[in-house]
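# Overview (structure and organization)
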Amino acid sequence: METFTGALPALAEAWVLILQPAVIGYLFLGVLMGLCVGVFPGLGGIAGLSLVLPFMFGMEPVYGLALMIGMLAVVPTSDTFASVLMGIPGSSASQATVLDGFPLAKKGEAARALSAAFASSMFGGIVGACFLTLFILVARPIVLAFGLPEMLMITVLGLSMVAVLAGRYALKGLAAAGLGMMIGTIGEADAGGSLRMATYDVPYLTDGLKLVIVGLGVFAIPEIVSLLRQDRSISKDARLGSGWAEGVKDWFRNKWLSVRCSVIGVIVGVIPGLGGSVVDWIAYGHTVQTTKDKSKFGKGEIRGVIGPESSNNAKEGGGLVPTLLFGIPGSGSMAIFIGAVALLGSGSIEVGPQMLKSNLDITYSIVWLLALANVLGTLLCIAASGGIAKLTTIRFTYLAPFLFMLISFAAFQSGQNFEDLLALFAIGLIGIFLRRFDWSRPAFLIGFVLSNPVEKFTNQAFQVASFRFRKSFEEGMDYVFSPIVIVLIVVTVVSVIVGMRQAKKIMSEGESVAGTKRAPLIFLFFVAAYLVSSLINASLIPDYNMTDKIVPLVIGGLALLCCLILFAQMVIRPEGDAIFADKEIAGEDGDAPHGLWATLSWLASLIIATYFLGFILALIGFLLSFFRIRAEANWGKTLVLTAGGVAFMCLMAGALNRDFPPGLLQGAVDLPWPLR
């Protein structure tokens, strides 16, 4: 009781600080900046905070915090625009929203999906702030109770969501998850530094593939290509739906789902390094498990939007716990946040236990600035949703080149290498074929996201457990099977059992018509071939670096076993069986007036031209050609759209201080910006 009584004066001082007009002004400015940054797929909070970082030095602490918190809070809200309207994950924390948000937009209910998402986000953000207020003084022993075994089990719990999202054929989902995990192991191993599926002759692969590239490739490119082939607007009947009021009613009808997913977001957000990558999938899996009629998921179920969006913003409050209490960044954006706080007031503030001791009023200011920012951001997004939703009524041929432009630019920012664009194209191809043959893309992405945490926590937990077991068997068992671990194991087992029963009712890739055996078998062969090559590569790692090879060998072996069983089933079953699902046989893709390879060649041409001419010159040629040839626009419209696209890219790159992909021309000739 004394602890909470002592905190009351700090809470009062915090409200005095944040209710100053200047502080509200900086908060509003941060919300506006976050709204602009979040709308563009792939940029996210890291890019936004990088933009304001130079202005933090010596700034009045509460002003700088208001600016940063305003931006951080609204990015998980505004990135919903790309996820719902275009089928492009706005960030790693909005990937699950695509599964049902985008189908709603295609049915003409974009405004409804957006407003439901925004209402859920605001509620989740407020829940996160309330939780942080009460939790901040008692969180230390709870967070410290999470050792390596507990963090490994949290990761495994996230991986168990594959059981729910595996689709009609669980083996396809498991194989897709295994493929994602094996692609996630590419590069230098954390433990011993061994190279896997990489060589120092190709330095790009030693660092592995970035989540931004994989997320954009596996979700964005397949949807853009599919819609572009159909040559129509995103919404078939060009209807905006019943508007934002209906979406808010949807949220209210599912308010208890929102409460549960907000709590999930807070709890997962507390664990450093996991929140932004995992929380939306755990929330989506919970949403599916607790819904009676599961047949609508993947085809436009509003609960599939409300669940993940409630957890996204709530996890920001949870993520601030390790950041503020221990100085442990829970994500990339939190790492920048810690650096920015150190610059405020010329270094007079420092996150960690000292902040709770000396600056408790500042700590609570951060908490309630987060809540206010969520309210402001949500109101702005709801006000704008009706207008922005009109994007779904525009002929997609006029949107696609700008989306290709944006995702190429966003992919390049992840590593500042031309190879980022090649990786984007390669992962895009994988995403296209996963979608075509009804292999779960969410399962693939979950596998990729969790490959590194699974391996890292497994190796570290094994090393510590080995030491404990050498001391005594009882001490080892106490370490491995703590009460928290036992609870998480039970939850995970229940999740897998329930998920496997329900997966057949969930069509993660929508309706598919069964075709011939040939195409699905060829794709299965290529997946198995990659897994075999990965297993051979891992087996060549010396035994003294066993920690670098054991996880790829186990995961790759299990994924290959799934592929072999799938092969046996495909050989036995007749053509026309659902296992031979192929979207090219019938439906939107099968009836599309434009072919897959001809459509994909436009993106390839932009990447090839960038290699020779650099991004801006390539973009000029790409836009001119696309609008004249593919969109059949007149010269006036072509020139205006091309100029607008190039000007927009230059303005965004200049504001964010970002570079464009260079080409051979830039290496030979000294050109002025933006051509260099």
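The structure presented is a predicted model; accordingly, all values stated were derived computationally and were not measured. Just so you know, the residues in each chain are numbered from 1, in the order the chain's sequence is written. Selection of residues for local features in this predicted model requires a pLDDT of at least 70, selection of side-chain atom pairs for listing and counting requires 80 or more, and totals for whole chains, interfaces and linings are taken over all residues. With hydrogens and water set aside, each side-chain value is computed from the structure's full complement of heavy atoms.

### Section: the overall build of the protein
So the rule is basically this: Starting at the N terminus, helices and strands are each numbered in turn, a helix being any DSSP run of H or I of at least four residues and a strand any DSSP run of E of at least two. For the exposure calls, accessible area comes from a 1.4 Å probe over protein chains only, and a residue counts as buried if that area is under 20% of its type's maximum, exposed if over 50%, partly exposed in between. When checking whether two residues touch, look at their non-hydrogen atoms; a contact exists if any pair is within 4.5 Å. A 1.4 Å probe and the Shrake-Rupley method give the accessible areas. Residues count as covered only by the protein chains that appear here.
What the protein contains, in helices and strands, is 32 helices and two strands. Looking at the protein as a whole, 58% of its 676 residues qualify as buried. Relative to all contacts within the protein whose residues are 6 or more apart in sequence, the contacts with residues 24 or more apart total 81%. Summed over all atoms, the accessible surface of the protein reaches about 25500 Å², with 68% contributed by carbon and sulfur.

### Things to note about the environment of Pro661
For Pro661, the location among the structural elements is in the loop between α31 (635-656) and α32 (664-668). For the pair Pro661 and Phe418, spaced 243 residues apart in the sequence, the C-alpha separation amounts to 6.0 Å. Apart from residues no more than four positions distant in its own chain, Pro661 is found in contact with Phe412, Leu421, Thr610, Gly614 and Phe615.

### Topic: the packing of aromatic side chains
Keep this limit in mind: Planes of paired rings set the category: under 30 degrees apart is stacked, over 60 is edge-to-face and the rest tilted, where pairs are Phe, Tyr or Trp rings (Trp by its six-membered ring) whose centres lie within 6.5 Å. Criterion for a charge above a ring: Arg CZ or Lys NZ at most 6 Å from the ring centre, at most 35 degrees from the ring normal.
Tallied over the full model, the rule gives 21 aromatic pairs. Between Phe418 and Tyr611, the ring centres sit 5.3 Å apart and the planes meet at 50 degrees, which makes this aromatic pair tilted. Of the two residues, Phe418 is situated in the loop between α21 (396-415) and α22 (419-436) and Tyr611 in helix α29 (residues 596-613); the sequence distance between them amounts to 193 residues. By relative accessible area, Tyr611 is classed as partly exposed at 38%. Ring centres 5.1 Å apart and planes at 70 degrees place the aromatic pair Trp602 and Phe626 in the edge-to-face group. Residue Trp602 is found in helix α29, and its partner Phe626 is found in helix α30 (residues 615-630); the two are separated by 24 residues along the sequence. Of the two residues examined, Trp602 and Phe626, each falls in the buried class. Taken together, the aromatic side chains of Tyr398, Phe402, Trp602, Phe622, Phe626 and Phe627 make up a single cluster linked through ring pairs. Looking at Lys255, its charged tip hangs above the ring of Phe252, at a distance of 4.3 Å from the centre.

### Focus on helix α15 (residues 255-270)
For the α-helix, the turn length of 3.6 residues means that residues three or four positions removed from each other point alike. Convention followed: The length a helix should cover is 1.5 Å for every residue beyond the first.
For α15, which comprises 16 residues, the first-to-last C-alpha distance of 23 Å matches the rise-based estimate of 22 Å (1.5 Å per residue) to within 8%. Along α15, the residues classified as buried are Leu257, Ser258, Cys261, Ser262, Ile264, Gly265, Val266, Val268, Gly269 and Val270.

### Overview of the packing of helix α11 (residues 170-184) against helix α26 (residues 518-539)
Put simply, the test is: Angles run from 0 to 180 degrees between N-to-C directions of axes, and those axes are lines fitted to C-alpha atoms, restricted for helices to the stretch in contact. To sort the angles, those under 35 degrees are grouped as roughly parallel, those over 145 as roughly antiparallel, those from 65 to 115 as roughly perpendicular, and the leftovers as oblique. By convention, the crossing between two helices is left-handed when the near helix turns anticlockwise from the far helix through less than a right angle, and right-handed when the turn is clockwise. Note that Gly is not counted as nonpolar here; it falls among the polar residues with everything else outside the nonpolar set of Ala, Val, Leu, Ile, Met, Phe, Trp, Tyr, Cys and Pro and the charged set of Asp, Glu, Lys and Arg.
At a minimum axis distance of 11 Å, the contact between α11 and α26 shows a crossing angle of 40 degrees. Relative to α26, the element α11 lies oblique. Considering only the axes of α11 and α26, their crossing is left-handed. Contacts from Leu179, Met182 and Ile183 of α11 reach α26 at Val527, Tyr530, Leu531 and Ser534. By residue class, the composition of the contact of α11 with α26 is six nonpolar, one polar and no charged.

### Focus: the confidence of the model for the protein
Basically, it comes down to this: pLDDT runs from 0 to 100 and stands for how confident the predictor is about each residue.
Per-residue confidence for the protein gives a mean pLDDT of 78; residues scoring 70 or more make up 80%. By mean pLDDT, helix α8 (residues 139-144) is the weakest element of the protein at 57, and α26 is the strongest at 93.

### Quick word on the packing of α21 against α30
Between α21 and α30, the least distance of the axes is 10 Å, while the angle of their chain directions is 165 degrees. Taken together, the axes of α21 and α30 are roughly antiparallel relative to one another. Of the two possible hands of crossing, α21 and α30 adopt the one that is right-handed. Together, Thr397, Tyr398, Ala400, Pro401, Phe402, Phe404, Met405 and Ser408 of α21 and Phe615, Leu619, Phe622, Leu623, Phe626, Phe627 and Arg630 of α30 make up the contact between the two elements.

### Considerations on empty space enclosed by the protein
Operational definition: A pocket, in this scheme, is an open set of points on a 1 Å grid over the protein atoms alone with protein on both sides within 12 Å along at least 5 of 7 lines, while a cavity is a set where a 1.4 Å probe fits but cannot get out; residues line either one if an atom lies within 4 Å of a point. Grid points are joined across faces, edges and corners, and a volume is the space filled by probe spheres set on the points.
Under the definition given, this model contains three cavities of 30 Å³ or more. Considering only enclosed or pocket space, the largest cavity measures out at about 80 Å³ in volume. In terms of lining, the largest cavity is formed by Pro222, Val225, Ser226, Arg229, Ile432, Arg435, Arg436, Glu584, Asp589 and Leu596. Mapped by element, the contributors of at least two residues to the lining of the largest cavity are α13 (211-230) and α22. When residues of the lining of the largest cavity are assigned to their parent elements, the largest contribution, four residues, is made by α13. Residues that form the lining of the largest cavity fall into these classes: four nonpolar, one polar and five charged.

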